[in-house]
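Residues per chain, in single letters:
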Amino acid sequence: MTSPPAAVPEEASAVALASGPEHTRADWEKSAAAVLRKSGRLTEDEADSEVWTTLARRTLDGIEITPLGTPALIEKLSTSGRPDRVGDWDVRAWFADPDAKATAVDIELDLNNGVNSVWLEVGTGGVPLDGLATALAGVLLDAAPVVLEPQDPVAAAEAFAAIATGTRLCDGTNLGADPLAALVRDGRGSDVDAVVAAVARTAVELGCLALVVDGTAVHDLGASDSQELGWSFAVGAAYLRALVGAGHSVPDAAALIEFRYAATDEQFPTIGKLRAARRGWDRVLELSGVDAGARRQRQHAVTSRPMMSKYDPWVNMLRTCVASFSAGVGGADAVTVLPFDVHLGLPDVFSRRIARNTSALLIHEAHLAKVTDPAGGAFAIEKLTEDLALAGWAEFSAIEAAGGAAAAVADGSVRARIAAVVADRERQIALRKRPLTGVSEFPNLDEILPERRPYAAGARTVQPWGHAFEALRDAPTGTVFLATMGTVAAHTARATFASNLFAAGGIACVNPGRNDDAEAVLAAYRGPDGGQPVVCLTGADKAYAAWGAELAAGLRAAGAQWVILAGKPIDGIAVDDTCAMGVDALAFLNRTREKF
């Protein structure tokens, strides 16, 4: 047993820190390059400095995320956007069950088990207006904030006022009007200024917030982080104008607004986005003449709906855990973890418990809220915050140049820019450069999905990022015969790759196991488990070279109609298609499915 290291004298530590880093940038480049060359990601001819390009990745906004934060990244930056939340975040649960009595039971259960506030869908797709009092019957409105998401903001505000008048409402209660979100989501237009003025009037009378600027309205359509930021700034500015037009001062108007943003399982961009959101809104208020002490953005982060999958929904627990971690680190005032079964229907007791306990674990066991702004000062995060803030401001400027949020929706410019991002994301997903566990990677064709009660007619639906793969899984078809060549050790890598790829498209596989020559494979193919119209050769390069051509020809003679090679094309082996890393998986799977 070794003894513990001796303590370093304080003066020695100070000298070491003052002398600068022990290793140089070149040292890190050399070490990283050695690892990349060993893995084949960097050639011997490429300079060590190429590791930065090789390891960096870019967001859908084209923003580079560096593989290593260095002081040089922020030499010319004035960092900002730091969180001002002190202590635990508000654990906010989402409710959309149209059965008001069932919703009341769910709300009471959640509030008694760690949830702090209620986010309630009201109107078509949620609790009906005449059921609002029933749904909230067990809520102490002076102790638990209620945030509405109303289809008809004015009517919902009036219905809530009938319940809440005379009560000193808990801080954070919000009537939730966001007419511009309805406009961009589904084209439901309204007199924005009139809605804002009417709901604000009720909110002032009740002593609560009036408006939500919902960035998830565009995120759910496929917007990038900067587009979500730019949209939120533009909508916030539009509401400020409407409120000022209705007689409110700019500081009072700003105090009536809460912002909602999506948190994804890309943790650094999520942290940076929330920080950039505060920075951008601070600038809007500064330009509007608001004093620094009143320039605060109230943030509600909700785990992303489109990042979640219908298939293998249990993986959503991991996605939402990372997303809520990022939201907490990013400084969100309130965090909603959506239940893992959100794409299957109304959540049940178990999925609600997992959702609320995710925040409980992060707060009370990981102690994530003990430190304000734990990412502050991290070079890579500060640089990412800066880049996202600038990109978000550019999007905001483009929307304002079009005449504001409503005009930019009407002329199609917002949707057009989002469509370009959607196309880029879907291309990356098709190529599996943006892998989706349980959907495009490691699918389980034998899984049995949990059954859930359906949402109400008219409920908002959001298309998952993996929708194209999930559509194939919805209609499983055919079985591929894996012509496995050689020992299990020799063929398992390509056989596993191919079977996972086929499964992602709803295609099962038959694997006959070890086959030492073409005759053994053909015997298996002629057996009771063979005879499929589509076959896929899976083996090592050595086996391909030795008897791949013979096997492909023999399989065709035995009745195979479509022959695929797992790997890159090989001269001399006549096949109809190939599959390897980097293949357009969706295009390949659709071609294959046509052969059954």
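Thresholds applied
- Residues numbered from 1 in each chain as written.
- Predicted model: local features only at pLDDT ≥ 70, side-chain atom pairs only at ≥ 80, totals over all residues.
- Heavy atoms only, no water.
- Helix = DSSP H or I, 4+ residues; strand = E, 2+ residues; numbered from the N terminus.
- Buried < 20%, exposed > 50% of the residue type's maximum accessible area, 1.4 Å probe, protein only.
- Contact = heavy atoms within 4.5 Å.
- Axes fitted to C-alpha atoms, helices over the stretch in contact; angles between N-to-C directions.
- Parallel < 35°, antiparallel > 145°, perpendicular 65-115°, else oblique.
- Left-handed = near helix turned anticlockwise from the far one by under 90°.
- Nonpolar A, V, L, I, M, F, W, Y, C, P; charged D, E, K, R; others polar.
- Right-handed = clockwise from strand over helix to strand, strands pointing away.
- Phe/Tyr/Trp six-rings, centres within 6.5 Å; stacked < 30°, edge-to-face > 60°.
- Lys NZ or Arg CZ within 6 Å of the ring centre and 35° of its normal.
- Patch = residues over 30% accessible without salt bridge, like charges linked within 9 Å, V, L, I, M, F, W, Y side chains within 5 Å.
- Areas by Shrake-Rupley, 256 points an atom, 1.4 Å probe, with all protein chains shown as cover.
- Salt bridge = Lys/Arg side-chain N within 4 Å of Asp/Glu carboxyl O.
- Lys, Arg positive; Asp, Glu negative; His and termini not counted.
- Charge placed at Lys NZ, Arg CZ, Asp CG, Glu CD.
- Core = buried A, V, L, I, M, F, W, Y, C linked by side-chain atoms within 4.5 Å.
- 1 Å grid on protein atoms, 1.4 Å probe; cavity = no way out; pocket = protein on both sides within 12 Å on 5 of 7 lines; lining within 4 Å.
- Points joined across faces, edges and corners; volume = space filled by probe spheres on them.
- Pairing = 2+ DSSP bridges.

### Description of the overall build of the protein chain
What the protein chain contains, in helices and strands, is 22 helices and 15 strands. If one aligns the C-alpha atoms of the protein chain with their principal axes, the spans along those axes are about 85 × 70 × 60 Å. Expressed as a percentage of the 596 residues in the protein chain, the buried residues total 52%. Sequence separation of at least 24 residues holds for 77% of the intrachain contacts in the protein chain that already meet a minimum separation of 6.

### Comments concerning the packing of helix 10 (residues 225–245) against helix 12 (residues 267–287)
Here helix 10 crosses helix 12 at 30°, and the two axes come no closer than 10 Å. With respect to each other, helix 10 and helix 12 are oriented roughly parallel. In the packing of helix 10 onto helix 12, the handedness of the crossing is right-handed. Packed against helix 10, whose contacting residues are D225, E228, L229, F233, G236, A237 and L240, the element helix 12 presents P269, K273, A276, A277, G280, W281, V284 and L285 at the interface. Here the contact of helix 10 with helix 12 is composed, by residue class, of 10 nonpolar, two polar and three charged.

### A closer look at the pairing of strand 3 (residues 90–95)
Of all six residues that make up strand 3, six are buried, and the element is covered over most of its length. Side chains D90, R92 and W94 project from strand 3 onto one buried face, and the interleaved V91, A93 and F95 project onto a second face that is buried too. Running through helix 4 (residues 100–111), the crossover from strand 3 to the neighbouring parallel element strand 4 (residues 117–122) is right-handed.

### A few points about the packing of aromatic side chains
Two descriptors summarise a pair of aromatic rings, namely the distance from one centre to the other and the angle between the planes of the rings. As enumerated under the stated definition, the model contains 11 aromatic pairs in all. A ring pair is formed by F259 and Y261, whose centres lie 6.3 Å apart and whose planes are at 10°; its orientation type is stacked. On the basis of relative accessible area, Y261 is assigned to the buried category, the value being 0%. Chaining the aromatic ring pairs together yields one cluster made of F233, W393 and F396. It is R473 that lies over the ring of Y311; its NZ or CZ is 4.3 Å from the centre. One Lys or Arg, K595, reaches over the ring of W562 and ends 4.1 Å from the middle of that ring.

### So, a negative patch on the surface
A surface patch of negative charge is lined by E44, D45, E46 and E50. Among the structural elements, D45 can be located in the loop between helix 2 (25–39) and helix 3 (51–55). Residue classification places D45 among the exposed residues on the basis of a relative accessible area of 76%.

### Thoughts on the nonpolar core
Ranked by internal contacts, the top residues of the largest apolar core, which has 153 residues, are F160, W231, F502, L537 and L551. Considering each element in turn, this core owes the most residues, 11 residues, to helix 10. The residues contacting L537, other than those within four sequence positions of it, are A483, M485, Y544, G548, L551, A552, L555, V563, I564, L565 and A566. Core analysis: the next-biggest nonpolar cluster, separate from the first, contains six residues, A32, A33, L36 and W52 among them.

### Some words on the layout of surface pockets
Estimated volume of the largest pocket: approximately 780 Å³. Taken together, 41 residues make up the lining of the largest pocket; nearest its centre are E121, E149, R185, R188 and R460. Only strand 4, strand 5 (146–150), helix 7 (179–186) and strand 7 (209–214) provide two or more residues apiece to the lining of the largest pocket. With five residues, the top contributor of residues to the lining of the largest pocket is helix 7. When the residues that make up the lining of the largest pocket are grouped by side-chain class, the tally is 17 nonpolar, 12 polar and 12 charged. Volume-wise, the second largest pocket comes out at about 580 Å³. Lining the second largest pocket are 17 residues, and of these R57, E266, K433, R434 and P435 sit closest to its centre. Every element with two or more residues in the lining of the second largest pocket is listed here: strand 1 (57–58), helix 13 (315–330) and helix 17 (413–430). Residue composition of the lining of the second largest pocket, by class: six nonpolar, three polar and eight charged.

### So, the sheet that holds strand 15 (residues 577–579)
Judged by pairing direction, the sheet is parallel, and its five strands sit side by side in the order 12-11-13-14-15 without closing on themselves. The sheet is open, and its two borders are formed by strand 12 (508–510) and strand 15, each paired with just one other strand. Between one strand axis and the next, the sheet turns by 30° as a mean value, whatever way the strands run. Across three bridges, strand 11 (residues 479–484) lies against strand 12 in parallel orientation. Looking at strand 12, one finds that V480 is bridged to C509.

### A closer look at empty space enclosed by the protein
The method is simple in principle: a probe with the dimensions of a water molecule rolls over the atoms, and the space it marks as empty is what remains. Counting across every chain of the model gives six cavities of 30 Å³ or more. Of the pockets and cavities examined, the largest cavity occupies roughly 130 Å³. In this structure, the largest cavity is lined by T59, L60, D61, H219, A223, S224, D225, T264, E266, R425, R434 and W465. A per-class count over the lining of the largest cavity returns three nonpolar, four polar and five charged. Its volume calculated, the second largest cavity comes out at about 100 Å³. Looking at the second largest cavity, it is lined by 15 residues, and the ones nearest its centre are R92, A93, V337, A355 and R356. Those elements giving two or more residues to the lining of the second largest cavity turn out to be strand 3, strand 10 (334–336) and helix 14 (349–365). Residues that form the lining of the second largest cavity fall into these classes: nine nonpolar, two polar and four charged.

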